[in-house]
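Descriptive analysis of the structure
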Amino acid sequence: RRKSSVKVTEEGVVFTSYRDGREVLLTPESTVAAQKAYGSDIIIPLDELPSYDTSREDLVKSVELTHRWEARSLREHLKDVKGQAMY
């Protein structure tokens, strides 16, 4: 199995750029801010997508993390809705 270039934490997701090898952090707040800056009509919050073979215990943890991230995303969105929707 190939070593993952992604690290999921409470803060967000850190991944290694395939272009230059630098680490990039995406947080619920930064992803909402980027989509607002692009003028997205519908903003999609950050979530974790576990693999199909994940254990039930890890799946529950993933869903709970995603819910916390969604709450953070919504708080960020509601600071300035700009006529944009959040999915």
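Provided above is the structure to which this section pertains.
These numbers were taken from a predicted model, which means no experiment stands behind them.

**Here's the deal with helix α1 (residues 28-38)**
- All of the buried residues along α1 are P28, T31, V32, Q35 and K36. The arc that holds the buried residues of α1, viewed along the axis, is 135 degrees, so those residues lie on one side. Among the exposed residues of α1, those oriented more than 90 degrees off its buried face are A37 and Y38.
- On the buried face of α1, the contacting elements are β3 (23-26), β4 (42-43), α2 (56-78) and β5 (85-86).
- With its phi angle positive at about 80 degrees, G39 sits one or two positions after the end of α1.

**Description of the packing of α1 against α2**
- Interhelical geometry of α1 versus α2 gives an angle of 40 degrees and a closest axis separation of 8 Å. It follows that α1 is oblique to α2 by the angle criterion. For the crossing formed where α1 meets α2, the hand is right-handed. On the side of α1, the interface is formed by P28, E29, V32 and K36, while α2 contributes W69, R72, S73, E76 and H77.
- In terms of residue class, the contact of α1 with α2 is made up of 3 nonpolar, 2 polar and 4 charged.

**A short note on the environment of G39**
- Residue placement: G39 occurs in the loop between α1 and β4.
- Along the primary structure G39 and R56 are separated by 17 residues, whereas in three dimensions their C-alpha atoms are 37 Å apart.

**Regarding the pattern of salt bridges**
- For the structure on display, the rule yields 5 salt bridges.
- Its salt-bridge partner being E10, residue R68 comes within 2.8 Å of it at the nearest N-O pair. Here the residue R68 occupies a position in helix α2, and E10 occupies one in the loop between β1 (6-8) and β2 (13-16), the gap between them amounting to 58 residues.
- A relative accessible area of 37% means that R68 is categorised as partly exposed.
- Across the salt bridge formed by K79 and E76, the nearest N and O atoms sit 3.1 Å from each other.
- Taking relative accessible area as the criterion, K79 reaches 64% and is therefore assigned exposed.

What counts, and where the lines are drawn
- Numbers given for residues are sequential positions, taken from 1 along each chain in its written order.
- Totals for whole chains, interfaces and linings use all residues, but because this is a predicted model, local features are given only for residues with pLDDT of at least 70 and pairs of side-chain atoms are given and counted only at 80 or more.
- Note that water and hydrogens are dropped before the side-chain values are worked out from all heavy atoms of the structure.
- Exposure classes here rest on a 1.4 Å probe applied to the protein chains alone. A residue is buried below 20% of its type maximum, exposed above 50%, and partly exposed in between.
- A run of H or I in DSSP counts as a helix once it spans at least four residues, and a run of E counts as a strand once it spans at least two, with each numbered from the N terminus.
- It is the directions from the helix axis to the C-beta atoms whose arc is reported.
- Whether two residues are in contact is decided by their heavy atoms, any of which lying within 4.5 Å being enough.
- Fitted lines through C-alpha atoms serve as axes, helices being fitted only where they are in contact, and the angles separating the N-to-C directions of these axes extend from 0 to 180 degrees.
- An angle counts as roughly parallel when it lies under 35 degrees, as roughly antiparallel when it exceeds 145, as roughly perpendicular when it falls between 65 and 115, and as oblique in every other case.
- For a crossing to be left-handed, the near helix must be turned anticlockwise from the far one by less than a right angle; the clockwise case is right-handed.
- Here the nonpolar group is Ala, Val, Leu, Ile, Met, Phe, Trp, Tyr, Cys and Pro; Asp, Glu, Lys and Arg are the charged ones; every other residue, Gly included, is treated as polar.
- We define a salt bridge as a contact between a side-chain nitrogen of Lys or Arg and a carboxyl oxygen of Asp or Glu at a distance within 4 Å.

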